Amino acid sequence: MCFRTHSDGDVLSHAIIDAIAGAMADGDLGTHYPEDDPASENARSLNFVTEFSGYMRAQGYEIVNIDAFVTLGTTRLRPYMSAIREAVAAALDVPLDRISIKGRSHDGIAEVGRGQACSATATVLLMKTD
Ligand SMILES: Nc1ccn([C@@H]2O[C@H](COP(=O)(O)O)[C@@H](O)[C@H]2O)c(=O)n1
Ligand SMILES: C[C@@]1(CO)OP(=O)(O)OP(=O)(O)OC[C@H]1O
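For the chain, the name recorded in an unreviewed UniProt entry is 2-C-methyl-D-erythritol 2,4-cyclodiphosphate synthase, with Scrofimicrobium canadense as its organism. Taken from UniProt, the Cofactor (unreviewed entry) comment for the chain reads in full: "a divalent metal cation".

Structure below.
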């Protein structure tokens with residue numbers, strides 16, 4: 001199964017970028033990675049995370065911590081969580097203990113609970129470095 005999206009549909013990476021952009025009051029995912037940009041088509045969103053963390057640092061911010069959850073009804077994420085955390089921490093170039101990723105099932109309710117959709121939410125705390 002896969003999701004029909006412009007990039008790779010990596011909702012966790014998208015939520016993290018949205019959260020960082022929001023904490024800087026600097027637009028959102030779509031203003032930085034527009035859907036009409038051919039360069040974003042089928043792109044690996046984790047690469048957007050790396051690129052956007054460089055942009056964030058250039059604006060004078062550093063990540064204190066991130067707490068995120070992915071809602072996906074039918075696939076248990078727990079076996080993959082360590083790998084997901086490590087990939088996100090590496091993409092952002094921050095220590096692993098600053099990154100929390102959690103899973104929830106939505107208990108079979110609605111499309112997301114039945115595994116027909118997937119969503120992610122992230123909260124980020126930034127500190128000013130300059
Ligand atoms: N896709 C998921 C959903 C949940 N988990 C883990 O199971 C725990 C219970 O989740 P519920 O949403 O059913 O209450 C959750 O705390 C996660 O540890 C998961 O691994 N993958
Ligand atoms: C990431 C972008 C750009 O490739 O595309 P999608 O993968 O479709 O993601 P979405 O959250 O629907 O919109 C943001 C887009 O600009």
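On we go.
Caption draft 1: View of the site of ligand 2. All residues adjacent to ligand 2 are Thr5, His6, Ser7, His14, Leu29, Gly30, Tyr33, Pro34, Glu35 and Ser40. Within the side chain of His6, an N or O atom sits 2.9 Å from an oxygen atom of ligand 2. Between Tyr33 and ligand 2, the recorded distance is 2.3 Å, taken from a backbone N or O atom to an oxygen atom. If ligand 2 stood free it would expose 370 Å²; the protein chains cover 79% of that surface. Within the shell around ligand 2, the residues separate by chemical class into three nonpolar, six polar and one charged.

Caption draft 2: Seen up close, the site of ligand 1. Neighbouring ligand 1 are Leu72, Thr75, Arg76, Leu77, Arg78, Gly103, Arg104, Ser105 and Asp107. Within the backbone of Thr75, a nitrogen or oxygen atom sits 2.8 Å from a nitrogen atom of ligand 1. The contact in question runs from an oxygen atom of ligand 1 to an N or O atom on the side chain of Ser105, over 2.6 Å. Class assignment of the residues belonging to the shell around ligand 1 gives a composition of two nonpolar, three polar and four charged.

Caption draft 3: Main features of helix H1 (residues 11-23). In this model H1 runs 18 Å from its N-terminal to its C-terminal C-alpha over 13 residues, within 8% of the 18 Å that 1.5 Å per residue would give. Ala25 occupies a position one or two residues after H1 and carries a positive phi of about 50°.

Caption draft 4: Geometry of the pattern of salt bridges. Counting across every chain of the model gives three salt bridges. For Arg57, the salt bridge identified is with Glu62, shortest N-O distance 2.9 Å. For Arg57, a relative accessible area of 28% corresponds to the partly exposed category. A relative accessible area of 18% means that Glu62 is categorised as buried. The closest approach of N and O atoms between Lys128 and Asp130, which form a salt bridge, is 3.3 Å. Under the relative-accessibility criterion, Asp130 is labelled exposed at 68%.

The rules we used
Residues numbered from 1 in each chain as written. Chains lettered and ligands numbered in written order. Predicted model: local features only at pLDDT ≥ 70, side-chain atom pairs only at ≥ 80, totals over all residues. Heavy atoms only, no water. UniProt positions renumbered as here; feature names shortened; annotations may be inferred. Near = heavy atom within 4 Å. Polar contact = N/O pair within 3.5 Å; in protein donor to acceptor, adjacent residues only side chain to side chain. Areas by Shrake-Rupley, 256 points an atom, 1.4 Å probe, with all protein chains shown as cover. Nonpolar A, V, L, I, M, F, W, Y, C, P; charged D, E, K, R; others polar. Helix = DSSP H or I, 4+ residues; strand = E, 2+ residues; numbered from the N terminus. Expected span 1.5 Å × (residues − 1). Salt bridge = Lys/Arg side-chain N within 4 Å of Asp/Glu carboxyl O. Buried < 20%, exposed > 50% of the residue type's maximum accessible area, 1.4 Å probe, protein only.

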